[in-house]
Amino acid sequence: MAAPILVVAAALVDDLDQPARMLAARRTRPEALAGRWEFPGGKVDQGETPVSALHRELREELGVTAELGREVPGPDDDGSWPLTERYRMRLWIARITEGHPEPLEDHDELRWLSSAELHDVDWIEGDLPIVTALRAHFEEA
Ligand code: 9L3
Ligand code: MG
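A few points on the structure.

What counts and what doesn't
Residues numbered from 1 in each chain as written. Chains lettered and ligands numbered in written order. Predicted model: local features only at pLDDT ≥ 70, side-chain atom pairs only at ≥ 80, totals over all residues. Heavy atoms only, no water. Donors = N, O, S within 2.8 Å, 3.2 Å for Na, K, Ca; no water. Helix = DSSP H or I, 4+ residues; strand = E, 2+ residues; numbered from the N terminus. Buried < 20%, exposed > 50% of the residue type's maximum accessible area, 1.4 Å probe, protein only. Core = buried A, V, L, I, M, F, W, Y, C linked by side-chain atoms within 4.5 Å. Contact = heavy atoms within 4.5 Å. Salt bridge = Lys/Arg side-chain N within 4 Å of Asp/Glu carboxyl O. Near = heavy atom within 4 Å. Polar contact = N/O pair within 3.5 Å; in protein donor to acceptor, adjacent residues only side chain to side chain. Areas by Shrake-Rupley, 256 points an atom, 1.4 Å probe, with all protein chains shown as cover. Nonpolar A, V, L, I, M, F, W, Y, C, P; charged D, E, K, R; others polar.

On to the coordination of the magnesium ion (ligand 2). Taken together, the protein donors to the magnesium ion (ligand 2) comprise Gly-41 (O) and Glu-61 (OE), at separations of 2.0 to 2.1 Å. Of the two residues, Gly-41 is situated in strand 4 (residues 41–43) and Glu-61 in helix 1 (residues 50–62); the sequence distance between them amounts to 20 residues. By the burial criterion, Gly-41 is buried, and Glu-61 matches it.

Here we take up the nonpolar core. Ranked by internal contacts, the top residues of the largest apolar core, which has 21 residues, are Met-22, Phe-39, Leu-91, Trp-123, Ile-130 and Leu-134. With four residues, the top contributor of residues to this core is helix 2 (residues 128–140). Contacts of Trp-123, omitting those with residues within four sequence positions, involve Met-22, Ala-24, Arg-36, Trp-37, Glu-38, Phe-39, Leu-113, Leu-118, Leu-128 and Val-131. Among the nonpolar cores identified, the runner-up in size contains 17 residues, and Val-8, Val-64, Ile-96 and Leu-110 belong to it.

Attention now goes to the pattern of salt bridges. If the charged atoms of two oppositely charged side chains come close together, the side chains can form a pair. Taken as a whole, this structure holds 14 salt bridges when the rule is applied. Note that Arg-26 is salt-bridged to Glu-109, the shortest N-O span being 3.0 Å. Placement of Arg-26 in strand 2 (residues 21–27) and of Glu-109 in strand 8 (residues 107–114) is noted, with a sequence separation of 83 residues between them. Under the relative-accessibility criterion, Arg-26 is labelled partly exposed at 24%. Judged by relative accessible area, Glu-109 falls into the partly exposed class, the value being 30%.

This part takes up the site of ligand 1. Within the structure, ligand 1 sits among Val-7, Arg-27, Leu-33, Glu-38, Phe-39, Gly-41, Gly-42, Lys-43, Leu-83, Tyr-87, Met-89 and Asp-127. In this structure, Gly-41 approaches ligand 1 through a main-chain N or O atom, which is 3.2 Å from an oxygen atom. In the complex, 90% of the free accessible area of ligand 1, which totals 440 Å², lies under the protein chains. Top element by residues in the shell around ligand 1 is strand 4. It accounts for three residues. Residue composition of the shell around ligand 1, grouped by class: six nonpolar, two polar and four charged.

Below, the structure written as C-alpha cells:
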C-alpha cells in the first residue's frame, strides 16, 4: 500500500512555555468525522513543506497567523502520529500572533480548553493520544 498521506496540525496554546488553554475545532466534514473535535490543520500539498502547509491551513481554516513552537513527536520513525491507514500527522505547538480565530472552513465551532477540560470534547480517535501526550506538557508547565 502507498505510504500514508502526511497531514500537519497545530496545538494552538495561549502561551508556548506555560500553556493554560488549547484550541480545539469541531469538524463539519466528512460525514464520518462531523461533530468530532480535532487539532486544526490539513494535508500537505505537493511541493509544499510541512511547516508552510501548516501556516497555510491555519490561515485558511481559522484566519490566523501563528508562531510555531516545538514539534510534539509521535511514535513513528519520522515523528508522525498514525491517524488511519490513509493518514499520518505531524503536530506542532503554536501560538497565534495575528488574528482572532474563527471557524472559516471545515469547522463550525472552536473551543479554548483548559488542561482540566482537555477531555471534555469528543476528539477524533487519531488525535486522542496526542491530547493525552499534551496533557503532561500542560501539567509540567
Ligand atoms: N485529521 C485528523 N486529525 C486532525 C486533522 C487536521 C486531520 N487534527 C484527518 C481528517 C482527514 C484527514 O486527516 O481524514 C485530512 O485532513 P483535512 O485535510 O480534511 O483537514
Ligand atoms: Mg483541515
